[in-house]
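Topology and contacts: notes
One-letter residues, chain by chain:
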Amino acid sequence: MLALSAITHIYLYRSPCDMRRSFDGLCGLIRSELRVDPLSGSLFVFCNRRRNMVKILYFEGDGLAIWMKRLEQGSFRPPDACAANGRIDRRQLMLLLEGVVPKKVNKRYITQR
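Residues numbered from 1 in each chain as written. Predicted model: local features only at pLDDT ≥ 70, side-chain atom pairs only at ≥ 80, totals over all residues. Heavy atoms only, no water.

1. Observations concerning the overall build of the chain
Applicable threshold: Helix and strand assignments come from DSSP, with helices taken as H or I runs of at least 4 residues and strands as E runs of at least 2, each series counted from the N terminus. Any residue under 20% of the maximum accessible area for its type is buried, any over 50% is exposed, and the rest in between are partly exposed; the area is computed with a 1.4 Å probe on protein chains only. Here, residues are in contact when the closest pair of their heavy atoms is within 4.5 Å. For every accessible area listed, the method is Shrake-Rupley and the probe measures 1.4 Å; residues are considered covered only by the protein chains on display.
Secondary structure assignment for the chain yields two helices and five strands. For the chain, the α and β elements follow one another from N to C terminus as β-α-β-β-β-β-α. In the chain, which comprises 113 residues, the proportion classed as buried is 35%. Considering only intrachain contacts with a sequence separation of at least 6, the fraction spanning at least 24 residues in the chain is 52%. About 7900 Å² of surface is accessible on the chain, with carbon and sulfur atoms providing 47% of the total.

2. With respect to the pattern of salt bridges
In plain terms, the rule: A pairing counts as a salt bridge when a side-chain nitrogen of Lys or Arg comes within 4 Å of a carboxyl oxygen of Asp or Glu.
On inspection of all chains with the given rule, the structure shows three salt bridges. D18 is the partner of R20 in a salt bridge, and the nearest nitrogen-oxygen pair spans 3.0 Å. One salt bridge in this structure joins D89 and R91, with 3.7 Å as the shortest N-O distance. The exposure class assigned to D89 is partly exposed, which follows from its relative accessible area of 31%.

3. Considerations on the packing of aromatic side chains
How we decide: In this scheme Phe, Tyr and Trp rings, the latter by its six-membered ring, pair at centre separations within 6.5 Å, and the angle between planes marks the pair as stacked below 30 degrees, edge-to-face above 60, and tilted otherwise. By the criterion adopted, a ring carries a charge over it if an Arg CZ or a Lys NZ lies within 6 Å of its centre and within 35 degrees of its normal.
For the coordinates displayed, the defined rule picks out two aromatic pairs. Judged by centre distance (5.5 Å) and plane angle (15°), the rings of Y11 and F44 are stacked. Of this pair, Y11 sits in strand β1 (residues 10-12) while F44 sits in strand β2 (residues 43-47), and the two are 33 residues apart along the sequence. Note on Y11: relative accessible area 9%, which makes it buried. The class of F44 is buried, set by a relative accessible area of 0%. With a centroid separation of 5.6 Å and an interplanar angle of 45°, the aromatic rings of Y13 and F46 are classed as tilted. Here Y13, found in the loop between β1 and α1 (23-34), pairs with F46, found in strand β2; they are 33 residues apart in sequence, far enough to count as distant. Side by side, Y13 and F46 carry an identical accessibility label, which is buried. Over the ring of Y11 we find R87, and its NZ or CZ is 5.9 Å from the ring centre.

4. Concerning the confidence of the model for the chain
Under the convention used in this document: For every residue, the predictor reports its confidence as pLDDT, a number between 0 and 100.
Overall, the predicted model of the chain reaches an average pLDDT of 84, with 81% of residues at or above 70. Averaged pLDDT values for the elements of the chain fall to 86 in helix α2 (residues 90-98) and rise to 94 in β2.

5. Overview of the environment of L57
Here L57 shows up in strand β3 (residues 53-59). On the basis of relative accessible area, L57 is assigned to the buried category, the value being 0%. Through-space distance from the C-alpha of L57 to that of S42 is 8.5 Å; in sequence the pair is 15 residues apart. In this structure, L57 is in contact with F23, L26, C27, I30, S42, L43, F44, F46, L64, A65 and I66, ignoring residues within four places of it in sequence.

Okay, here's the thing in C-alpha cells:
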C-alpha cells in the first residue's frame, strides 16, 4: 500500500503510456517530458491508452519502486483539473485510484498560507 505524506509531490503524466516500460523507460519520460528528477521523492502516475491500468513510480530512499493496478472492469478517469506541469494533489490521486468521479468538489475550509 502507498503511504502518502503531506509533502509528497504527485505528477500525472497526461499522455497514454506504454505499460511495458519499466524503471529506465519511465525515468526517461519523467526527465524529458515532465522535466523533474525521478529521484526527488515525488510520485509519478502513468495510465495506458485504454485507461484500465495505472503505474506509479517513486523513489523510496534506497531505490525506485513501481506500484501497479489493473482494472478488470471499467476505466480510470484522470482529473480534469491539473496544473500545467502535471501536478495533482493527494485527494485527486485517491479519487483516481478508487474510481470516484466527482461532479464538484468543495473544501469545507480555506487554508491560510
